Each structure stands twice: as C-alpha cells, then as structure tokens.
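What follows is the residue order along each chain.
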Amino acid sequence: MTTRSRTEPARVAKFVIVAGITFAMLTSASHAALTKAQLKAERQAQRQAEREARQFARQQAREARQAERAAMQAARQAARLGIAQPIAQPDVPLVLVSSPPSQTAPAAATGSRGASPDLNNDGVVDAADVALFKLYFGAPFDPNGPSLDINGDGVVDSHDLFELLRRVGETYDDIVTPPSPSTPPGKPAPSSPPAPAPAVTVATTLVDGNKIEMMDVDTGTYIIKPNGQRLWSGSNNSNHPTSVSPSIQMVPVSNGFNVVYTFTNNTGAMAGLGKFTVGGFRFGQIIEAHDFRFDGKPYEINNNGGPIAPGGWFYPGGQYSPVVVFGEAPYKVGVSLHYPVLEYKHQVRLRIRTPGGAASHSGLNWAVEVIPNTESDPNKYNPQGDLHPGEVRVYVLAVRVVKGDVDWIHTLEPYRDYFQSLYGPVRYTRDARPVNARSAAQVGNQTSSNPYGFGHDTLRPDLYGWQPWADRFVNAVDQGWSRFMLWRPTGLFVNHDEMQNPFLFTSHWSKGAQYGHNMADAQQQLQRVSSVGGNLGLWWGSSVRVMRSWNTDEWEQLDPNNREHVALAFEELDGAVAAGVRTIGLDSFRRLQPWDAWQWLQMMQRRAPHVTFITEPPCGDLIHTLAPAFLVATRPANQLHLRLEQPHALADYLIPGHETWGLIRRDRLTSALGKPPTDAEVQAEVARVAGLGYIPCVGLAMEFGDGEGGDDRFMAAETWHLDD
C-alpha cells in the first residue's frame, strides 16, 4: 500500500506523477536519438525526481506528525466520546456546517456504507486522517481528493467528522459497517422516530469567547441573548479546590450548537470540574419542561417574575439521561451532556433556573446548569471522579432547537447518536407478559407469635413450609398467569424497621434449626413453579447492602471488588437459582454508583445467565441497556402528578426494545379512585399501563384471561413503534 503525505497528499501525488510522465514522454519520443550518456542523464534525473518526491513526502509527514501530536490525545478522547469535535490548531479553527450543505459537500454519496475513513490510505485511521478531513472540508470540489462522506448519507457535514472520530484507532482491514441493533427473535427491528427536516434555522455566535447568542434566522427572534453568565465557571470543590480552566469551542449547526470543553490538567493535583452554564434563554415567566425521572411528561415551571433556583436532579442517580428539554411556544430546546460515565466515574446534576443578580440585569431569563461531580450530595459525589493530574477530558454540551409542531424528542438526536455509539442496543430479550406480584410478609402482620410478619395464616412458610405458596403459584399458572414476583421471601427483621427488605433473601431458608422455622423446603417446593411453565421471581431486598447475619442493622455497601462481599451476595443468588427462580428484582440498586452497578450486574449475569435482573429504581439509561427497570405506575391521590401517563419517552428513543415494569398496587389504586376498585376498574388500569408500553406488575387480585395464555390487552405494547 502506498502511503501519501499526511497534509498534502494531492500535491505529493501530482509531483510523483508529473515526474513519471515527463520521463515516459522523453524516453518514448527521443529514445532513438539519445546517446547512452543522454539516457543515463535522463535516468539520473528521473531518480533524482523520485528521491525529491519521497523526501518531500517524508518531510510533510514529519511536519504533520509534529503538528498533530499535541492533538492526538484529544482526538482519541473525542473518538471514545463519539463527538464531532474539531481537531484544529488554535489559529486555524474549523467551523462545522457554517455554510449550506450544497457548499460543504464536495463528494457525492458512496452508498450506505460510506467512504473509507482511512483518507490517506496508510492502513490506520488516526489524527492524520482527521487533519486531511480538515484540509478538504469546505474547500472547492476536487475530483482527485478523498471522499469525505464517511457515513454515506450524501452530505458532508459534522456527522461525517463524528463518524471519523469514532473510528480513530481502527485499522483499514478491520473497518466494517456497524451492525444494526439486535432484536428479539421474530420481531421487527425497533426503530426511532425519523428526523424531520429542520423547522428552524438559527444563527449562533460565540460572544467574548465564553457566552452564546442564538437567533431564529427567519423571524429575527433571539432565543439566547447573553446574560453575563459564562459557559464555564470555576470549582467550589472543597476536596479538590485546584482549578483547571478548559479550552472552550463552539461548533454551530443549523438548528443549534455544541459547546466542547477540553480539560488538560497540567498541575500535580486533583482538580474540580466547575460548572457548565448556557444562560440567557429569552422565554417568559412560565415555561414547559419535561420530567425525566419517570416517563418524561411535561410540567410547568413558573419563576413568578423573579429568580428561582430549583435543586435539579442527578444523572444517572435519579434522572434517566443527562438531558434537559424546555421552552415556550413555538420553541422547544434540548440540552444534553455527552461524556463517558463509566470512564470519568462521576455523576452530574442538571437544573433549569432563572438567575438573579448581574445575570438578570438584561431582563429575567432562563439558564441551564450542568454541574459535574458536585459535592452538594455526598451520596452522589465521587472523589476519584475529579480531574487527575496529567488527565485530558472532553465534555460536549449539545443544544438543539425545534419549532412549531416538530416533536421535542428530536432536540436529543445528538445525544441518542452518542449514547448508542457508546452503549449499543439492549442486551436482553424483552418479555411483554404481565407479572403477578405477591408479598409474603407485611410489617403490620408482625406479632410475638408471628415475628416474620408472614401474611395469610394458612400460607405461613415459617409454620407450614413452602408447599402452600407453591400450590398457589401453580394454580395461578392454570388461570393464565405465567410470571410472578414474590417480595420478602424470608420474612422481616424484628425491631429494625429501616431494614425491612432483608439482604438475606434466600440463605435464611436453611437456618430453621437456629431460628425455629420450617422454611428449609423452599428450593424443593418453589421449583414446581418452573416445572409447570411459570416464571418465578424473587425480590432481593436491600440488594446492595451486604449483611452477615439475620436481624441486624449492621451492613456494608456492596463493593464488586471485595471478595467477601461477592461471596456473600453469590450465596444469596445461588439460593434463588437453586429454587428455579428466573427473575430477580434488585431492590435499592441505585445505591451503587453507576460504574459499580455496571460491573456488578454483569458479574451476576455471568453467574446466573438464565436469570433476568430488574433494577429498582431505574439506574439511568446506560444500566437499562443491561437489564429491565422498575417504575411505580399507579400513584395515590396525593401523587397523581407522578403516575405513569405516557410511554417512556427517553427509553423508547434511546433503547428501543427495552423492558420497563410498572407497579400497580391495590392501596394506591384505591386512593386514586377514592374507593375500592371494581374488577372492571382493576382491568382497566392494567390495560392502561400495558398500553403505555410498561410491563404491568399487578399487586392485586385479577382474573387473567381464560386460562389459555391470557389476554392481549395486558401485554405491554411496543411503544417505540407507534411513530412508524
């Protein structure tokens, strides 16, 4: 394979070609008349021309390597992030999509696979190819130049640079078209809503190097006008007060912009990350935002004509994705943070506020704040998530605008592309069948003669073993139910109300001789459920609070790198598997930091490959790719604003094919209705939850179908297909 110059391949190629053509012409036209001395001189001239061409190419390559060496680390970092970060020297900025596509698309589409990202044909995709992309991007069309349509969509734009950066480090022979997301057998491939034609075109300007101004080109309306707040402000981190200012680059696109923050810690100390702010959104007193803790339904925020500063929510420890969507008709704005959570090991807090003080002198406005690794909540902060000495990090804040009837979800298209490139599709097969939820014990049942709090005197496993419960599950299979979840399968602690979902959810079964109960037959009896085709689930209470003994308030946070913790947890898991359990609910799983949750969940999946784990509460979008998630669907009267009322907007958009449960409890439905529900009202609620795409987890009595496979009304809909 011939290697071209890294910065001027066309020039080098032409140099060599001209030299070769010149020699060929001379030898063919004058050979007969030339003397041997003349031929020798011509050959020497040819060799000299070739040497000069090679020297020129080597010199250009050396200069390119020197120029790109400093940017190499940032380029690879950006590739891991999956962002369209311009890799340019400070004095030669690259502005993407700064002119209409017709002027910036020098190459035609080369098919769905797109052009080779190895632009200089040296066998590896690296910073030299990024530099070559910059050289040709936006230049007049050159038929001899490399094709820049890397993604094969017929347009050369920032998405091609995104794809090129994503593939930095690959070798030419290994580059293939990424596979489409896997789907359950026999089902159509999940799809996301198609991106519409832009409904708004904006002009975006970087003001004073640290503020943004954005205007609707068609109407002249300012969507953002600077309020004095900077795009980044320093850290108040008491653990690591050292401040490292990032370099900031604004990359405009037709309907918004990206802000690229590049941190380089040249100090010898850990450094805090400060705060990212996009301020000056010129909306009125009342805006509409979306609640991404749950299903993403809209809600109003009213600043009442003055500054407000709500606390905000954390990702992934509370909010599903690191995104904010808000606005005032006719505009909706989506702001998303792109960063590799598992690599950087920190959470972020996101909030919408109306700032006061100097930021309100230009008139009340709105701002979005993103605070990485804030110490405001010690349960969310990770000291190791701050910037390490010598470390380089890149964060991207993507802002997009839609107008009119365009669905707000399209403001999150950059985040969807980034997320899917990093974490991929779901890694499990969705089961749409409803779940029959039961609880073996309740706090109100505890007495001196019933210390475990087991309900239903005839079902008490501490007295009669597990045969009565197994009989009940087997009968329910005959009635049409096929999935079950049982809470508190070892009962409750005494005098430790805060630990009433014990970590010891199976091992206590075998401790009858010590504690005086008859639960030792649990594994033998519960296996009967799977033998008749039922899928039995057990709820693992306090699943990441490791306990060493029964009836204690002593526990330790599970550490997946602690061998003792792992051994104790695997003892509980193995006990469930031995009972034929095929589904395990992970209570309070969000207590783990996401990088530990990611590791531990996969360790359990390797240990028990036939078990489906359900995380509760949802642990963010990245964990949802590994395992189904659990939400509360039905809320009491004082929490109706929190009940599930629409399909899970972000899960449908980011992870089509996901499985998300929705709990329906009798007491909450009774409160919501103001009276005990009728059979018809129970069925209506279950059908409502299923129609929204959630797996109904039904904690009340209900006739299910006709005993021949159930009722399709109660099967969770595939809501990611609804816009097809």
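The structure presented is a predicted model; accordingly, all values stated were derived computationally and were not measured.

## With respect to the environment of P434
Reasoning step 1: Among the structural elements, P434 can be located in the loop between α7 (413-423) and β18 (435-439).
Reasoning step 2: For the pair P434 and G662, spaced 228 residues apart in the sequence, the C-alpha separation amounts to 9.5 Å.

## Concerning the sheet that holds strand β13 (residues 323-328)
Reasoning step 1: Spatially, β6-β7-β17-β14-β13-β10-β11 is the arrangement adopted by the seven strands of the open sheet, whose pairing is antiparallel. Edge positions in the open sheet fall to β6 (247-253) and β11 (298-302), since each of these has one partner strand only. Taking each pair of neighbouring strands and ignoring which way they run, the sheet shows an average axis angle of 20 degrees.
Reasoning step 2: This element, α7, spans β13, β14 (331-338) and β17 (392-403) of the sheet and lies at about 25 degrees to β14.

## A look at the layout of surface pockets
Reasoning step 1: Each pocket or cavity is described by its volume, and for the second largest pocket that value is around 1400 Å³.
Reasoning step 2: Lining of the second largest pocket is provided by 46 residues; of these, R438, S439, W487, L663 and R665 occupy positions nearest its centre.
Reasoning step 3: Elements supplying a minimum of two residues to the lining of the second largest pocket: β18, α9 (467-478), β25 (629-632), β26 (660-665) and α16 (666-673).
Reasoning step 4: It is α9 that provides the largest number of residues to the lining of the second largest pocket, a total of six residues.
Reasoning step 5: For the lining of the second largest pocket, the per-class residue count stands at 17 nonpolar, 15 polar and 14 charged.

## Some thoughts on the packing of α9 against helix α11 (residues 522-531)
Reasoning step 1: Where α9 meets α11, the axes come as close as 8 Å, and the angle between the chain directions of the two elements is 5 degrees. By the angle between their axes, α9 is roughly parallel relative to α11. Contacts from Q467, A470, D471, F473 and V474 of α9 reach α11 at Q525, R528 and V529.
Reasoning step 2: The residue makeup of the contact of α9 with α11, split by class, is four nonpolar, two polar and two charged.

## Comments concerning unusual backbone geometry
Reasoning step 1: Following Y315, the chain continues into P316 via a peptide bond in cis, with omega recorded as 0 degrees.
Reasoning step 2: With respect to the secondary-structure elements, P316 resides in the loop between β12 (313-315) and β13.
Reasoning step 3: The step from E616 to P617 runs through a cis peptide bond, and the omega angle for that step is -10 degrees.
Reasoning step 4: If you check the backbone angles, S542 has positive phi at about 45 degrees while not being a glycine.
Reasoning step 5: Inspection of the secondary structure assignment puts S542 in the loop between β20 (535-540) and β21 (545-546).
Reasoning step 6: The class of S542 is buried, set by a relative accessible area of 7%.

## Brief notes about helix α13 (residues 594-607)
Reasoning step 1: Between its terminal C-alpha atoms α13 stretches 20 Å, which fits the 20 Å expected from 14 residues at 1.5 Å a residue.
Reasoning step 2: Within the sequence span of α13, burial applies to P594, W595, A597, W598, W600, L601, M603 and M604.

## Considering the pattern of salt bridges
Reasoning step 1: Following the criterion strictly, the structure yields 24 salt bridges and no others.
Reasoning step 2: With its nearest N and O atoms 2.9 Å apart, the salt bridge here joins R393 to E391. Across the pair, E391 and R393 agree in class, each one buried.
Reasoning step 3: Among the ionic pairs, R688 bridges to E685, the shortest N-O distance being 2.9 Å. Placement of the pair is R688 and E685 together in helix α17 (residues 679-691), with a separation of three residues, close to one helical turn.
Reasoning step 4: In this structure E685 comes out as buried when scored by relative accessible area, which is 7%.
Reasoning step 5: By sharing partners, the salt bridges in this structure join K275, R351, R353 and E369 into a single network.

## Description of a negative patch on the surface
Reasoning step 1: Residues D497, E498, D553 and E554 make up a contiguous surface patch of negative charge.
Reasoning step 2: Examined against the element boundaries, E554 turns out to sit in the loop between β21 and β22 (556-557).

## Here's the deal with the pairing of strand β23 (residues 583-586)
Reasoning step 1: Side chains T583 and G585 of β23 all project onto a buried face; the interleaved residues I584 and L586 project onto the opposite face, where all are buried too.
Reasoning step 2: Sheet analysis places β20 next to β23, joined by four bridges and oriented parallel. When the bridges of β23 are listed, W540 appears paired with L586.
Reasoning step 3: Two strands pair when backbone bridges link them, and β23 and strand β24 (residues 612-615) are joined in this way by four bridges, in the parallel orientation. Among the inter-strand pairings, I584 is bridged to a residue of β24, identified as F613.
Reasoning step 4: As a crossover connection, the stretch from β23 through α13 into β24 is right-handed.

## Brief notes about the environment of G268
Reasoning step 1: Inspection of the secondary structure puts G268 in the loop between β7 (256-264) and β8 (271-272).
Reasoning step 2: The exposure class assigned to G268 is exposed, which follows from its relative accessible area of 77%.
Reasoning step 3: Between the alpha carbons of G268 and G390 there is a distance of 7.5 Å; along the sequence they are 122 residues apart.

## A look at the packing of aromatic side chains
Reasoning step 1: Tallying each qualifying case throughout the model produces 31 aromatic pairs.
Reasoning step 2: Measuring from centroid to centroid gives 4.8 Å for F505 and W540, while their planes differ by 15 degrees, and the two rings are stacked. With a gap of 35 residues between them, F505 in the loop between β19 (483-487) and α10 (512-515) and W540 in strand β20 connect regions that are remote in the sequence.
Reasoning step 3: In this structure F505 comes out as buried when scored by relative accessible area, which is 1%.
Reasoning step 4: Owing to a relative accessible area of 0%, W540 belongs among the buried residues under this scheme.
Reasoning step 5: Ring pairs connect the aromatic residues W232, Y261, F263, F276, Y339, Y344 and Y395, which therefore count as one cluster.
Reasoning step 6: Cation over ring: R393 sits above Y344, and NZ or CZ is 4.6 Å from the ring centre.

Calculation criteria
- Residues numbered from 1 in each chain as written.
- Predicted model: local features only at pLDDT ≥ 70, side-chain atom pairs only at ≥ 80, totals over all residues.
- Heavy atoms only, no water.
- Helix = DSSP H or I, 4+ residues; strand = E, 2+ residues; numbered from the N terminus.
- Pairing = 2+ DSSP bridges.
- Axes fitted to C-alpha atoms, helices over the stretch in contact; angles between N-to-C directions.
- Contact = heavy atoms within 4.5 Å.
- 1 Å grid on protein atoms, 1.4 Å probe; cavity = no way out; pocket = protein on both sides within 12 Å on 5 of 7 lines; lining within 4 Å.
- Points joined across faces, edges and corners; volume = space filled by probe spheres on them.
- Nonpolar A, V, L, I, M, F, W, Y, C, P; charged D, E, K, R; others polar.
- Parallel < 35°, antiparallel > 145°, perpendicular 65-115°, else oblique.
- Buried < 20%, exposed > 50% of the residue type's maximum accessible area, 1.4 Å probe, protein only.
- Expected span 1.5 Å × (residues − 1).
- Salt bridge = Lys/Arg side-chain N within 4 Å of Asp/Glu carboxyl O.
- Patch = residues over 30% accessible without salt bridge, like charges linked within 9 Å, V, L, I, M, F, W, Y side chains within 5 Å.
- Areas by Shrake-Rupley, 256 points an atom, 1.4 Å probe, with all protein chains shown as cover.
- Lys, Arg positive; Asp, Glu negative; His and termini not counted.
- Charge placed at Lys NZ, Arg CZ, Asp CG, Glu CD.
- Right-handed = clockwise from strand over helix to strand, strands pointing away.
- Phe/Tyr/Trp six-rings, centres within 6.5 Å; stacked < 30°, edge-to-face > 60°.
- Lys NZ or Arg CZ within 6 Å of the ring centre and 35° of its normal.

Honestly, it's all geometry; don't read function into it.
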